[in-house]
Amino acid sequence: MRRTSASLVAGALVATLAWASSPTSTAVALEPSPGVADLTQDLNQILSDSRLTIARAGVVVKSAANGDELYATDGGKLLIPASNTKLFTSAAAAETLGLDYRFPTTVLTGGRKTGSILGGDLVLRGTGDPTMLAADYDALAAEIAGSGIKVVTGKLVADDTWFDSVRLGNDWTWDDETAYYAAPISALTASPDTDYDAGSVIVSVAPSGGEVKVSTTPETDYFKIVNKATVGTSTDVLIERQHGTRTVVITGTVAGTYDEWVAVDDPTAYVSSLFRKALTKHGVRVLGPTVTGAAPSGAQELAKHESMPLSELLVPFMKLSNNIHAEILTKAMGRKVAGQGTWAAGLKVTTDFAKANGVQVLNLRDGSGLSRRDGFTPTSIVQLLTAVRGKPWYQTWYDSLPIAGNADRFVGGTLRSRMRGTPAANNVRAKTGSLTGVTALSGYVTSADGEPLVFSIMLNQYLSGSPKDIEDKIAVRLAQFSRTAPADAPAQLRTETAPASADLECSWLKPAHC
């Protein structure tokens, strides 16, 4: 029989206790049992799905208690990980930057204040804070006004030199350039909401008096809006920034409110416009133009904002699979370790961290997994997931992983609608990954016996029909695993169709707020 809801609650408690135990504790290895043979039979059957006939599938399952390999198929094959890359980036960031790490954003000057006049330039310097909102820049402007400054005789200087000037990943696709999930990376950036989608603006449309009204969050005149949309009986609208420009063209029909997250072309210029507008609002007039450059040596700090610590940022980063957070953290690691806020320096930090922790095969091209040249093996992912259990920051990092079947967006994250009502619900904690023809799920699950398991599932090159339900079936089967007995109703497991999953994880479907 299938477990009851009460059993699910009990299973969640067992999972919590299992993963809260010392990660370095050892257990006596058990002899191969009928339960392991039963698991192998069931996983082989699940992976015989016709959608994988011409695809590549790699799966590895190990006991976190004693290191036993319980199942493996093509565990050594190099596969595209998609957002499973964030497992490596986030772990390296926790190790390298520390959970207390914060991104400071400061306002500086090399000039001199005389009465209400600041003689010289006003410098806004960023270090990559992806959580900065328009309201935070407004607060910095208010602090400048509060110091008594009313006129700045020099320029407004945007200092984004903490990172290099390379804005987009080398392997990112051309048609993603305007998408919020592939927004440009800069040391000065802004998010439109508390999902912290840095480098993007929300463009909203709604019918109003027979016309389509357009608004933005935050309110900004940075974009040039070309509104060709009309009011209709249904909403079928396209909101798209033209490649390489600041022009947003809106076409189609609008019957109700609709939001689209649109990446800006230049985060530094966008932030500069927000900050200058905020200064004006608070009665501070900057006489010179807005330029980019570095703050002068010895510049005096006039105002400062610090981000939440990394321990808190991990939640929106990992739960919602935020690509921009991954890339910013990558460059931040490069800056800290090598003094260079570049992808090359940051990726070396992540690679060195992974190799130092027993990961044998990985090819990193970015921090998020947007690149199709990223490559890991399922075995390598399991090696990482096993090694980090001994880290002092492990529990915080583990808590940041999406939890299967939990409806809260900031708990269940990209797994919130998957595996509900199964033994995997509120048990599986794992990172999802999605690209066209690529899906992955890697993380942790507690078995029916209370044994902590580590797994990685990587499916590549399928042509049609998302196989995320295959991942779910495997994860559910692992939650049912017992070394001493076959799983409940294994025949039903092998023939039952899991609830359909969206082809893409929630991070790619922002307007739906999934």
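Just so it is clear, the structure is predicted and the values come from calculations on it, not from any experiment.

(A) Structural context of the overall build of the chain. Secondary structure assignment for the chain yields twelve helices and 23 strands. Considering only intrachain contacts with a sequence separation of at least 6, the fraction spanning at least 24 residues in the chain is 71%. With the model as given, the accessible surface of the chain reaches about 20,100 Å², and the carbon-plus-sulfur share is 52%.

(B) Representation of the nonpolar core in the model. Ranked by internal contacts, the top residues of the largest apolar core, which has 64 residues, are Leu87, Phe88, Val388, Trp397 and Tyr444. Not counting the four nearest positions on each side in its chain, Leu87 is found in contact with Met318, Ile381, Leu384, Leu385, Trp397, Leu401, Lys431 and Ser442. Within the second largest apolar cluster, 38 residues are counted, among which are Met132, Leu156, Ala158 and Val254.

(C) Here's a closer look at the sheet that holds strand β18 (residues 300-306). One open sheet accounts for five strands, arranged β17-β8-β6-β3-β18; its pairing is mixed. In this open sheet, the two strands that pair with only one neighbour each are β17 (290-292) and β18. Taking the axes of each pair of neighbouring strands and ignoring which way they run, one obtains an average angle of 20° across the sheet. Across the sheet, helix α5 (residues 267-281) lies against β3 (104-109), β6 (122-125), β8 (156-159) and β17, angled at about 140° from β8, the strand it touches most.

(D) Looking closely at the side chain of Asn427. With respect to the helices and strands, Asn427 occurs in the loop between α10 (394-399) and β21 (429-435). One polar contact links the side chain of Asn427 to the main-chain carbonyl oxygen of Pro423, over a distance of 3.4 Å.

(E) Expanded view of unusual backbone geometry. For the bond from Thr217 to Pro218, the omega torsion is -5°, close enough to zero to count as cis. Backbone geometry places Asp74, a non-glycine residue, at a positive phi of 50°. Within the fold, Asp74 resides in the loop between β2 (69-73) and α3 (85-96). At Met419, a position not held by glycine, the phi torsion is positive, near 65°. Tracing the sequence through the fold places Met419 in the loop between α10 and β21.

(F) Examining α5 more closely. Look at α5: 21 Å from first C-alpha to last across 15 residues, which is about the 21 Å you get at 1.5 Å a residue. Of all the positions in α5, only Pro267, Thr268, Tyr270, Val271, Ser272, Leu274, Phe275, Ala278 and Leu279 are classed as buried. In the stretch just after α5, Gly283 is the one whose phi turns positive, near 85°.

(G) Molecular detail of the environment of Met308. Note on placement: Met308 falls in the loop between β18 and α6 (310-319). Residues Met308 and Pro104, spaced 204 residues apart in sequence, show a C-alpha to C-alpha distance of 9.8 Å. Discounting chain neighbours no more than four positions away, the residues touching Met308 are Tyr101, Arg102, Thr131, Tyr196 and Leu313.

(H) Highlighting the packing of α6 against helix α7 (residues 323-338). Contact pair α6 / α7: the axes reach a minimum separation of 9 Å and the direction vectors enclose 140°. The two elements α6 and α7 cross, and the hand of that crossing is left-handed. Between α6 and α7, the residues in contact are Leu310, Leu313, Pro316 and Phe317 and His325, Ala326 and Leu329, respectively. Taken together, the residues of the contact of α6 with α7 sort by class into six nonpolar, one polar and no charged.

(I) Expanded view of the pattern of salt bridges. The tally for this structure, following the rule as stated, stands at 22 salt bridges. Among the ionic pairs, Asp138 bridges to Lys281, the shortest N-O distance being 3.2 Å. A residue pair is termed long-range when its members are at least 10 positions apart, and Asp138 in helix α4 (residues 134-146) and Lys281 in helix α5 qualify at 143 residues. Salt-bridge contacts for Glu451 lead to Arg483; the nearest nitrogen and oxygen are separated by 2.8 Å. Taken as a pair, Glu451 in the loop between β22 (438-446) and β23 (452-460) and Arg483 in the loop between α11 (468-480) and α12 (490-495) lie far apart in primary sequence, 32 residues in all. Of the two residues examined, Glu451 and Arg483, each falls in the buried class.

(J) The packing of α4 against α5, seen in detail. Across the interface, α4 lies against α5 with an axial gap of 8 Å and an inter-helix angle of 45°. It follows from the interaxial angle that α4 and α5 lie oblique. Our pair here, α4 against α5, has a crossing hand that is right-handed. Here Ala134, Tyr137, Asp138, Leu140, Ala141 and Ile144 of α4 lie close against α5, whose contacting residues are Val271, Leu274, Phe275, Ala278, Leu279 and Lys281. A per-class count over the contact of α4 with α5 returns ten nonpolar, no polar and two charged.

(K) The pairing of β22, seen in detail. With nine of its nine residues buried, β22 lies for the most part within the structure. With seven bridges joining them, β21 and β22 adopt antiparallel strand pairing. Its bridge partner lying in β22, Arg429 is registered against Tyr444. Count of turn residues in the β21/β22 antiparallel hairpin: two residues, of which Gly437 carries a positive phi of about 75°. Turn length for the β22-β23 hairpin, with the two strands adjacent in sequence and antiparallel, is five residues, and the turn residue Gly450 shows positive phi of about 85°.

(L) Structural context of the side chain of Arg483. For Arg483, a relative accessible area of 6% corresponds to the buried category. In terms of polar contacts, Arg483 uses its side chain to reach the side chain of Asp68, at 3.2 Å.

(M) Broad picture of the packing of aromatic side chains. Scanning the model with the defined rule gives 13 aromatic pairs in all. On the numbers, 5.6 Å between centres and 80° between planes, the contact of Tyr180 with Tyr181 is edge-to-face. Taken as a pair, Tyr180 and Tyr181 share a single burial class, namely buried. When the ring of Phe353 is compared with that of Trp393, the centres are 6.4 Å apart and the planes differ by 45°; the resulting orientation is tilted. Here the residue Phe353 occupies a position in helix α8 (residues 343-356), and Trp393 occupies one in the loop between α9 (378-387) and α10, the gap between them amounting to 40 residues. Take Phe353: its relative accessible area is 7%, and that puts it in the buried class. By relative accessible area, Trp393 is classed as buried at 6%. Aromatic ring contacts, followed pair by pair, group Phe353, Trp393, Tyr394, Trp397, Tyr398 and Tyr444 into a single cluster. Here the guanidinium or amino end of Arg335 rests over the ring plane of Trp162, the centre of that ring lying 3.9 Å away.

Scoring rules and cut-offs
Residues numbered from 1 in each chain as written. Predicted model: local features only at pLDDT ≥ 70, side-chain atom pairs only at ≥ 80, totals over all residues. Heavy atoms only, no water. Helix = DSSP H or I, 4+ residues; strand = E, 2+ residues; numbered from the N terminus. Contact = heavy atoms within 4.5 Å. Areas by Shrake-Rupley, 256 points an atom, 1.4 Å probe, with all protein chains shown as cover. Core = buried A, V, L, I, M, F, W, Y, C linked by side-chain atoms within 4.5 Å. Buried < 20%, exposed > 50% of the residue type's maximum accessible area, 1.4 Å probe, protein only. Pairing = 2+ DSSP bridges. Axes fitted to C-alpha atoms, helices over the stretch in contact; angles between N-to-C directions. Polar contact = N/O pair within 3.5 Å; in protein donor to acceptor, adjacent residues only side chain to side chain. Expected span 1.5 Å × (residues − 1). Left-handed = near helix turned anticlockwise from the far one by under 90°. Nonpolar A, V, L, I, M, F, W, Y, C, P; charged D, E, K, R; others polar. Salt bridge = Lys/Arg side-chain N within 4 Å of Asp/Glu carboxyl O. Parallel < 35°, antiparallel > 145°, perpendicular 65-115°, else oblique. Phe/Tyr/Trp six-rings, centres within 6.5 Å; stacked < 30°, edge-to-face > 60°. Lys NZ or Arg CZ within 6 Å of the ring centre and 35° of its normal.

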